[in-house]
Amino acid sequence: AGTPGVDTVRQYLMHLQKFMSAFDYTKMKYAPNLLDKKPGKAITRLLAEAGSQYALYLHHGTPDIAEPKEEGVWKYNADTSVFRDTVSVQLPAGNYVAKWYNPTTGEWYSKPVKWKQGNGNHIFYTPSFTTYIALKITT
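Here the structure is a predicted model, which means the values were calculated and not measured.

Scoring rules and cut-offs
Residues numbered from 1 in each chain as written. Predicted model: local features only at pLDDT ≥ 70, side-chain atom pairs only at ≥ 80, totals over all residues. Heavy atoms only, no water. Pairing = 2+ DSSP bridges. Helix = DSSP H or I, 4+ residues; strand = E, 2+ residues; numbered from the N terminus. Axes fitted to C-alpha atoms, helices over the stretch in contact; angles between N-to-C directions. Buried < 20%, exposed > 50% of the residue type's maximum accessible area, 1.4 Å probe, protein only. Core = buried A, V, L, I, M, F, W, Y, C linked by side-chain atoms within 4.5 Å.

Trainee: Could you give an account of the sheet that holds strand 8 (residues 86–91), naming the residues involved and the relevant values?
Mentor: In a beta sheet, neighbouring strands are held together by backbone hydrogen bonds and run either parallel or antiparallel to one another. The strand order across the open sheet built from three strands is 2-8-12, with neighbouring strands paired in antiparallel fashion. The open sheet has two edge strands, strand 2 (35–37) and strand 12 (120–125), and neither has a second partner. Going from strand to strand, the sheet's axes swing by 35 degrees on average, the running direction of each strand aside. The pairing of strand 2 with strand 8 spans two bridges and is classified as antiparallel. From the neighbouring strand, K37 faces strand 8, where its bridge partner is S88.

Trainee: How would you explain the environment of G61 if you had to name every residue and give the values?
Mentor: Within the fold, G61 resides in strand 5 (residues 61–64). The class for G61 is buried, based on a relative accessible area of 12%. G61 sits 71 residues away from Y132 along the chain, and the two C-alpha atoms are 8.7 Å apart.

Trainee: For the nonpolar core, give the residues involved together with the corresponding values.
Mentor: Core analysis: the biggest nonpolar cluster contains 21 residues, and L46, Y54, F124 and I137 have the highest contact counts within it. When contributions to this core are tallied by element, the ones reaching two or more residues are strand 3 (43–49), strand 4 (53–59), strand 8, strand 9 (94–102) and strand 14 (132–138). Membership of the second largest hydrophobic core comes to ten residues, among which are Y12, F19, M20 and A55.

Structural data, given as structure tokens:
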């Protein structure tokens, strides 16, 4: 409370909660081993219930916690450049639907993309985004 930018953080967390509510996330686990290709400088996280639902999050920024001025205080630097990233996710055979999400606005980027997948990697190309983006993949 009273910290500059706190309303922006609250709004962002509300949008991220909206995204995660689109999943039965209690069945999901952290699954970095399913990411075959990811952007080198981005923080990339994947939660998965293999063969059913996947939540991918890409984030460009860096925490700076080397010299905190006070205990528990740290600085964060978001990279506000415009990005277009490529990721590859290992998926088992099945029918899938994927849709990109904008955590800044709380809006979906476009209509869902549907495809039939054989066992193996599927390459995803992000739309243009600033700082962070999320992807919902479901069967």
